[in-house]
Amino acid sequence: MALENKLKDLRSKKGLNQQDLGALVGVSRQTISLIERGDYNPSITVCLKLSQVLEVTVEDIFTYVEEEANGK
């Protein structure tokens, strides 16, 4: 399962750095960094807070992509 996101682009368009966005959402700068890199899948609560702060839908931020079966 892969969760892709456009968080960095959307954050930049709002003129926010990771620290600012984290403060507005109630998470750390490190958490925002992990989400942007795709190394952390946030809770639905964090997803909803991100969408409110960025004034977009959750689907505008996150996209679920099925991984292709490769015989494993």
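Everything numeric in this text was worked out from a predicted model, so none of it was measured. (Residues numbered from 1 in each chain as written. Predicted model: local features only at pLDDT ≥ 70, side-chain atom pairs only at ≥ 80, totals over all residues. Heavy atoms only, no water.)

Observations regarding unusual backbone geometry
Thought 1: Although it is not a glycine, Glu55 adopts a positive phi angle of roughly 60°.
Thought 2: With respect to the helices and strands, Glu55 occurs in the loop between α4 (44-54) and α5 (58-61).
Thought 3: Exposure remark for Glu55: the relative accessible area of 61% places this residue in the exposed category. (Helix = DSSP H or I, 4+ residues; strand = E, 2+ residues; numbered from the N terminus. Buried < 20%, exposed > 50% of the residue type's maximum accessible area, 1.4 Å probe, protein only.)

Focus on helix α2 (residues 18-25)
Thought 1: Taken together, the buried positions of α2 are occupied by Gln18, Leu21, Gly22 and Val25. The buried residues of α2 occupy an angular sector of 100° when projected down its axis, which confines them to one face. In α2, the exposed positions that point more than 90 degrees away from the buried face belong to Ala23 and Leu24.
Thought 2: Where α2 is buried, its residues meet α1 (7-13), α3 (29-37) and α4.
Thought 3: Where α2 begins, one side-chain oxygen reaches toward the backbone nitrogen of Gln19, 3.0 Å away; that side chain belongs to Asn17.
Thought 4: Once α2 ends, the next one or two residues include Gly26, with phi positive near 95°. (Arc of directions from axis to C-beta. Contact = heavy atoms within 4.5 Å. Polar contact = N/O pair within 3.5 Å; in protein donor to acceptor, adjacent residues only side chain to side chain.)

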